[in-house]
Amino acid sequence: MPTPDNQLKLGIPKGSLQDATINLFARSGWKIHLHSRNYFPEINDPAINCSICRAQEMARYVEAGTLDAGLTGKDWVMEYESDVHVVSDLVYSKVSSRPARWILAVAGDSPYRRPEDLAGKKISTELVNFTKRYFQNAGIPVEVEFSWGATEAKVVEGLADAIVEVTETGSTIKAHGLRIIAEMMQTNTQLIANKTAWANPVKRAKIEQIDMLLKGALRAEKLVGLKMNVPQSKVEHIMAVLPSLTSPTVAHLLNSDWLSVEIVVEESVVRDLIPDLVGMGAEGIIEYSLNKVI
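Residues numbered from 1 in each chain as written. Predicted model: local features only at pLDDT ≥ 70, side-chain atom pairs only at ≥ 80, totals over all residues. Heavy atoms only, no water.

(A) Main features of the domain arrangement of the protein. If you check the domain split of the protein, you get domain 1 (4–95 + 189–220), domain 2 (100–186) and domain 3 (222–289). For domain 1 and domain 2, the distance between their C-alpha centres works out to 30 Å. At the junction of the two partners, domain 1 supplies twelve residues and domain 2 supplies eleven residues. Across the domain 1 to domain 2 interface the summed buried area is about 900 Å²; carbon plus sulfur atoms make up 49%. Our count for the domain 1 to domain 2 interface comes out at one salt bridge. A salt bridge links glutamate 81 to arginine 133; the nearest nitrogen and oxygen atoms lie 3.9 Å apart. For the pair domain 1 and domain 2, the number of links is six residue pairs in polar contact (both at pLDDT 80 or more). (Domains from an automatic or database assignment. Contact = heavy atoms within 4.5 Å. Buried area = accessible area lost by both parts, 1.4 Å probe. Salt bridge = Lys/Arg side-chain N within 4 Å of Asp/Glu carboxyl O. Polar contact = N/O pair within 3.5 Å; in protein donor to acceptor, adjacent residues only side chain to side chain.)

Right, dumping it as structure tokens:
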């Protein structure tokens, strides 16, 4: 049993990533149960003590040692230039499986076309420190103010000349009549660790276990298993067209000149692949989902 000193204090991001993170942990083998108005959810692992924490604050709590590890955005690690150990990048979100972007946007009918055009202008954003550094490094003098929310509306209401905002699809930006003039950063979720905790062999082993299984669950999202029966006379022909993560598994069926073939493939190719396999003589094709691929 883990001792209190070696129990891993793990931060789960509150807000837009919360449900996606809990679902990812469930596919990885950890069930996290939330309680109303309680920031300390239960988890089915006595070696882990969970806390719910805003993604914007996660890196600071991990750096200070209040948490041993946590999941947060790369953007918030960079915003506060946090001194933490980045264990790995985990690309997942509430909307898609692609990194989100922090973009610089202006009103659709504004004369601004490049960041340089905003010299002397006001920019509203939640990512204040990063935005200041971005324009300082570019030698462009601007006024950067913190936005408490509804950032897209600041330009529309005339409260700012431009905004720096995060987007995954760009649909909200367009819906507000804004135009993107620069991409400032791509961000994704990161598993980060306190450096002292990372130096603790017991805690490090638990963090590495979490990292391995979370990445395995993410990898499995785009893959499926296919199993089929193939005539031995046609197996070489079918093998030549099978896209596979590794070499297919092949086994002889008892008292038969048929073979059982099993592969792992990208889910996106299955709808075209199965008709081809049937046309080449495969039968009894089974498609099944995967929880993790390590």
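Moving on from the model shown.
(B) The arrangement of the sheet that holds strand 16 (residues 283–289) in detail. On the basis of which strands lie adjacent, the open sheet formed by four strands has the order 14-15-13-16 and antiparallel pairing. Each edge of the sheet is formed by a strand with only one pairing partner; in this case those strands are strand 14 (249–252) and strand 16. The mean angle between the axes of side-by-side strands here comes to 15°, regardless of whether they run parallel or antiparallel. Summarising the sheet, strand 13 (residues 223–231) and strand 16 pair through five bridges and their orientation is antiparallel. Residue pairing for strand 16: leucine 226 is matched across the bridge by glutamate 287. (Pairing = 2+ DSSP bridges. Helix = DSSP H or I, 4+ residues; strand = E, 2+ residues; numbered from the N terminus. Axes fitted to C-alpha atoms, helices over the stretch in contact; angles between N-to-C directions.)

(C) Region of the structure containing the side chain of asparagine 188. Mapped onto the elements of the fold, asparagine 188 is located in the loop between strand 11 (178–187) and strand 12 (189–193). A polar contact is formed between the side chain of asparagine 188 and the side chain of aspartate 89, at a distance of 3.1 Å. Non-local contacts of asparagine 188, meaning those with residues more than four positions away in its chain, are made with Thr72, Gly73, Lys74, Asp89, Leu90 and Val91.

(D) Seen up close, the UniProt feature "domain: Histidine biosynthesis HisG C-terminal" (unreviewed entry) in the protein. Here, UniProt's "domain: Histidine biosynthesis HisG C-terminal" (unreviewed entry) annotation points to residues 220–292. Here residues 220–292 is 22% helix and 40% strand, with 5 Å between the C-alpha atoms at its ends. (UniProt positions renumbered as here; feature names shortened; annotations may be inferred.)

(E) Looking closely at helix 4 (residues 128–138). Within the sequence span of helix 4, burial applies to Val128, Phe130, Thr131 and Phe135. Those residues of helix 4 hidden inside the fold are in contact with helix 3 (74–79), strand 7 (100–107), strand 8 (122–125), strand 9 (143–146), strand 10 (162–167) and strand 11. (Buried < 20%, exposed > 50% of the residue type's maximum accessible area, 1.4 Å probe, protein only.)

(F) The pattern of salt bridges, seen in detail. Evaluated as defined, the whole model comprises ten salt bridges. Measuring nitrogen to oxygen at the nearest pair gives 3.1 Å for the salt bridge that ties lysine 203 to aspartate 68. Linking lysine 203 in helix 8 (residues 201–220) with aspartate 68 in the loop between helix 2 (55–64) and strand 5 (69–73), this pair joins segments that are 135 residues apart in sequence.

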